[in-house]
2 protein chains.
Amino acid sequence: MRGGSVAAIMSGMNIDEERKALLHEYERLDDLQRSGLVIIQNPAGFRFSMDAVLLSEFATVRRRDKVIDLGTGTGVIPLLVWARRQPVEIVGIEILEEMADMASRSVKINDLSGKIRIVHGDLRDALDVFGAGSFDVALSNPPYIRVDQGTLSPEGHLSVAKHEVSCTLEDVVNVAARLVKPKGRVAMVHRTSRLVDLLAAMRGAHLEPKRLRLVQARAGTPPMMVLVEAAKDVKAGLEVMPTLMLYGEDGEYSKETKEIYFG
Amino acid sequence: MRGGSVAAIMSGMNIDEERKALLHEYERLDDLQRSGLVIIQNPAGFRFSMDAVLLSEFATVRRRDKVIDLGTGTGVIPLLVWARRQPVEIVGIEILEEMADMASRSVKINDLSGKIRIVHGDLRDALDVFGAGSFDVALSNPPYIRVDQGTLSPEGHLSVAKHEVSCTLEDVVNVAARLVKPKGRVAMVHRTSRLVDLLAAMRGAHLEPKRLRLVQARAGTPPMMVLVEAAKDVKAGLEVMPTLMLYGEDGEYSKETKEIYFG
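About the cut-offs
Residue indices follow the written sequence of each chain, beginning from 1 at its first position. Each chain gets a letter, beginning with A, and each ligand a number, beginning with 1, in the order they are written. In keeping with the model being predicted, local features are shown solely for residues with a pLDDT of at least 70 and side-chain atom pairs are shown and tallied solely at 80 or more, while totals for entire chains, interfaces and linings include all residues. Hydrogen atoms and water are omitted, and side-chain values are computed over all heavy atoms in the structure. Numbering of helices and strands runs from the N terminus; a helix is a DSSP stretch of H or I covering at least four residues, while a strand is a stretch of E covering at least two. Note on contacts: a residue pair is in contact if any heavy atoms of the two residues lie within 4.5 Å. Three labels apply to residues, based on accessible area from a 1.4 Å probe with only protein chains included: buried if under 20% of the type maximum, exposed if over 50%, partly exposed otherwise in between. Directions drawn from the helix axis to the C-beta atoms are what define this arc. All copies are superposed by least squares; the fitting set is the C-alpha atoms of residues with a pLDDT of at least 70 in both. Should a side-chain nitrogen of Lys or Arg be within 4 Å of a carboxyl oxygen of Asp or Glu, the pair is scored as a salt bridge. Throughout, the protein atoms alone are placed on a 1 Å grid, and a set of points is a cavity if a 1.4 Å probe fits but cannot get out or a pocket if it is open with protein on both sides within 12 Å along at least five of seven lines; lining residues have an atom within 4 Å of a point. Grid points are joined across faces, edges and corners, and a volume is the space filled by probe spheres set on the points. Gly falls in the polar group here, along with every residue not listed as nonpolar (Ala, Val, Leu, Ile, Met, Phe, Trp, Tyr, Cys, Pro) or charged (Asp, Glu, Lys, Arg). Buried area: the accessible surface (1.4 Å probe) lost by two parts on joining, summed over both. N or O atoms within 3.5 Å of each other form a polar contact, as long as, within protein, one can give a hydrogen and the other can take it, and as long as residues adjacent in sequence are counted only when both atoms are side-chain atoms. Looking at any residue, its pLDDT shows the predictor's confidence there, from 0 to 100. Whether two strands pair depends on DSSP finding at least two bridges between them. Aromatic pairs are defined between Phe, Tyr and Trp rings, using the six-membered ring for Trp, whenever the two ring centres lie within 6.5 Å; interplanar angles under 30 degrees are classed as stacked, those over 60 as edge-to-face, and all others as tilted. By the criterion adopted, a ring carries a charge over it if an Arg CZ or a Lys NZ lies within 6 Å of its centre and within 35 degrees of its normal. Here a crossover is taken to be right-handed if, once the strands point away from the viewer, the path from the first strand over the helix to the second is traced clockwise.

Student: Would you mind showing me how to read the overall build of chain A here?
Tutor: What chain A contains, in helices and strands, is nine helices and eleven strands. A sequence separation of at least 24 residues applies to 70% of the contacts in chain A between residues at least 6 apart.

Printed below as a string of structure tokens:
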């Protein structure tokens, strides 16, 4: 699903001149359909996907929480989590300078600089930057494809976003585990083909998977994505949620998909 | 779902006198709705459940395979696997003497003594009895409840079937892993709350989970059961199948459930 942009977000809104000045000419401003938020995207580059939207809705985030998004890309997860929960602070870390810059401008354009902070850097260095146990919640919609599989995209930034060029699943899980406090939560979205790797990496890092949800296009089709929320240093016991069906039998978004998107 | 017996299996068939002689007076003969097979059950005791039927259908079994069912109970899994696949041989091992005896009589009453063998014994001793690598496929519908959880049934045989009194999940997985050949398959059904334990135990025993399916009562309800098939000493990569919905929106069995039950 990654790479496919959410339908109907091309904006036809009136943008004032100040905001326009934050956009590069090849970028566009898309409506996030939530609390009036907008996001800058490059139509020719990596755009956020349904998976990021699903993760933002799935993760447990409370108002007193400090949250980090590992590999934030366009910054869509911080923006959507802010719109839903208004936690104390959200940090997004992104290795690609161009993406981090774009995400920063999206934060500025929404007037959320006091709440969301975009940091340009390698998530594997996040412990040095922020310190262990400095967050209540870590989120990640990481690259899905192992480097030994699939064809690397000729454009570098698409490779980094889709392939494990700059970090592996285990890197993300291990960093997330150390960034959160005891009982802190780590929520991730990944392909179902990597489910065992994801659960094993979590348990190996003292993150116990507590909630899991499969995402299916429709009844009878194989689920391609899985959402998992783990907690640090807690006892075992998993709640599996009803499989999310994105589309109904009529081919339209299901009731639940509409609620996730349009609140 | 365990403990609930499959609907509409109470038999009204004509049983000849020879068959009747194999039943104790407190037992009844139920129709398995497949290839004319019947099964002896004790209405007051542990009866096979939907989970066993689902596992029999889910597991990959080929005609040339030697199959073992660990903790066979009534012997329902060997009978249903035989009805579907006619493999070379099926062994069922059962720790409770009374259950093993009943399962043996079910095999005899179906005239399958040359194909299905019921062995009374502890599955943890199965390696000594059969030797490592002696099967192509190991199946198990093990006790679901950890001994430190839930209330033990006052009736001993119900406790053994439902609680990990005589073996843990890890025992079953480790024995299964050693009983099958390299690339051999191990298929199990378990509660979704134990999914992480099951996958971790499998990987820890060099069984790589290859196929996984959640079972939901209906759309929007949490899946309670999970089916997993792993293979020994193969590379990682999981296929997650469409979530099985047991009932349709009309409250009747779904089309797929009917196919699983009635072929």
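Student: What's the story with helix α9 (residues 255–262) of chain A in this structure? I'm lost.
Tutor: Side chains three or four residues apart in an α-helix point the same way, a direct result of the helix having 3.6 residues per turn. Residues and elements named next belong to chain A. Within the sequence span of α9, burial applies to T257, I260 and Y261. Looking down the long axis of α9, one finds its buried residues gathered within 95° of arc, a one-sided arrangement. Elements that come into contact with the buried residues of α9 comprise α2 (50–58), α3 (76–85) and β11 (244–245). At the C-terminal side of α9, G263 shows a positive phi close to 70°.

Student: Sorry, what's going on with the relation of the copies chain A and chain B here?
Tutor: Here two copies of a chain appear, and what relates them is a rotation about an axis with a shift along it. Taken as rigid bodies, chain A and chain B are interconverted by a rotation of 180° and an axial shift of 0.0 Å, the fit giving an RMSD of 0.0 Å. The superposition operator between the copies reduces to a two-fold rotation axis. Both copies share a contact surface, since 100% of the interface residues of chain A are interface residues in chain B too.

Student: Please clarify how the pattern of salt bridges should be interpreted in this entry.
Tutor: It is possible for side chains of opposite charge to pair when their charged atoms get near one another. All names here are of chain B. Per the counting criterion, the structure on display carries 30 salt bridges over all chains. Note that R105 and E27 form a salt bridge whose closest N and O atoms lie 2.8 Å from each other. Residue R105 is found in helix α4 (residues 97–109), and its partner E27 is found in the loop between α1 (17–20) and β1 (28–31); the two are separated by 78 residues along the sequence. Classification of R105 as buried rests on a relative accessible area of 8%. For K181, the salt bridge identified is with D136, shortest N-O distance 3.2 Å. Remark: D136 occurs in strand β6 (residues 135–140) and K181 occurs in strand β7 (residues 180–191); sequence separation between them is 45 residues. In this structure K181 comes out as partly exposed when scored by relative accessible area, which is 34%. We classify D136 as buried; its relative accessible area is 14%.

Student: Honestly, the layout of surface pockets in this entry has me stumped. Any pointers?
Tutor: Vacant regions in the atomic arrangement are exposed by a probe of water-molecule size rolled over the atoms. Size it by volume and the largest pocket reaches roughly 600 Å³. Along the walls of the largest pocket sit 27 residues, with A219 and M245 of chain A together with A219, M245 and E249 of chain B positioned nearest its centre. Residue assignment for the lining of the largest pocket shows that the elements contributing at least two residues are β11 of chain A together with β11 (244–245) and α9 (255–262) of chain B. Across the lining of the largest pocket, the residue classes tally to ten nonpolar, eight polar and nine charged.

Student: What is the right way to read the interface of chain A and chain B from this model?
Tutor: Where the parts come together, the accessible area they lose is often given as the size of the interface. Contacts between the two partners involve 25 residues from chain A and, on the opposite side, 25 residues from chain B. Counting each side, the surface lost to burial between chain A and chain B is near 1900 Å², with a carbon and sulfur contribution of 67%. Linking chain A with chain B are two salt bridges, by the criterion used here. When the shortest N-O distance is used, the salt bridge between D197 of chain A and R203 of chain B registers 2.7 Å. Seen at the junction of chain A and chain B, the total is seven residue pairs in polar contact (both at pLDDT 80 or more). For the side of chain A that touches chain B, the secondary structure elements donating two or more residues are α8 (195–204) and β8 (207–216) of chain A. The element that contributes the greatest number of residues to the side of chain A that touches chain B is α8 of chain A, accounting for six residues. Class assignment for the residues of the side of chain A that touches chain B results in 15 nonpolar, seven polar and three charged.

Student: Just to check I follow, could you spell out the confidence of the model for chain A for this structure?
Tutor: Residues shown with low pLDDT carry predicted positions that ought not to be read at fine detail. Averaged over every residue, the pLDDT of chain A is 89; the share at 70 or more is 89%. Among the prediction metrics, the complex's ipTM stands at 0.86, with pTM recorded as 0.89.

Student: Mind showing me how you'd approach the pairing of β7 of chain B here?
Tutor: The two faces of a sheet get side chains in turn, since along a regular strand they alternate between them. Residues and elements named next belong to chain B. Pairing between β6 and β7: five bridges, direction parallel. Residue F135 lies in a different strand from β7, and its bridge partner there is V180. With seven bridges joining them, β7 and strand β9 (residues 225–232) adopt antiparallel strand pairing. Residue pairing in the sheet places M188 in a bridge with V228 of β9.

Student: Looking at this structure, I do not really get the packing of aromatic side chains. What am I missing?
Tutor: How two aromatic rings sit relative to each other is given by the distance of their centres and the angle of their planes. Summed over all chains, the structure comprises eight aromatic pairs over all chains. Between Y247 of chain A and Y253 of chain A, the aromatic rings sit 5.4 Å apart at their centres with planes inclined by 25°, giving stacked as the arrangement. Residues Y261 of chain B and F262 of chain B carry aromatic rings whose centres are separated by 5.7 Å and whose planes lie at 75° to one another, so their mutual orientation is edge-to-face. Among the residues examined, F262 of chain B registers a relative accessible area of 41% and is labelled partly exposed. In this structure an aromatic cluster arises from ring pairing among Y247, Y253, Y261 and F262 of chain A. For the cation-ring pair, K66 of chain A lies above F135 of chain A, with the distance from its terminal atom to the ring centre recorded as 5.8 Å. Stacked on the ring of F58 of chain B, the Lys or Arg R211 of chain B has its end atom at 4.2 Å from the ring centre.

Student: What exactly am I supposed to notice about the environment of S104 of chain B here?
Tutor: Residues and elements named next belong to chain B. As for its placement among the helices and strands, S104 is situated in helix α4. Since its relative accessible area comes to 29%, S104 is described here as partly exposed. Separated by 75 residues in the primary sequence, S104 and L29 have C-alpha atoms spaced 14 Å apart.

Student: Can you walk me through the pairing of strand β4 (residues 89–94) of chain B in this structure?
Tutor: All names here are of chain B. Counting buried positions over the six residues of β4 gives six, a clear majority of the element. Here β4 shows no split at all, with E89, V91 and I93 on one side and I90, G92 and E94 on the other all buried. Note that β4 and strand β5 (residues 116–120) share five bridges and pair parallel. Bridge assignment links E94 to a residue of β5, and that residue is H120. With respect to chirality, the unit in which β4 leads through α4 into the neighbouring parallel β5 is right-handed.

Student: Explanation requested: unusual backbone geometry in the structure shown.
Tutor: The phi angle of most residues is negative, glycine excepted, and most peptide bonds adopt the trans form. Residues and elements named next belong to chain B. Even without glycine at this site, Q33 takes up a positive phi of about 60°. As for its placement among the helices and strands, Q33 is situated in the loop between β1 and β2 (38–41). With relative accessibility at 31%, the residue Q33 sits in the partly exposed group. Of note, the phi angle at D111 is positive, near 65°, even though the residue is not glycine.

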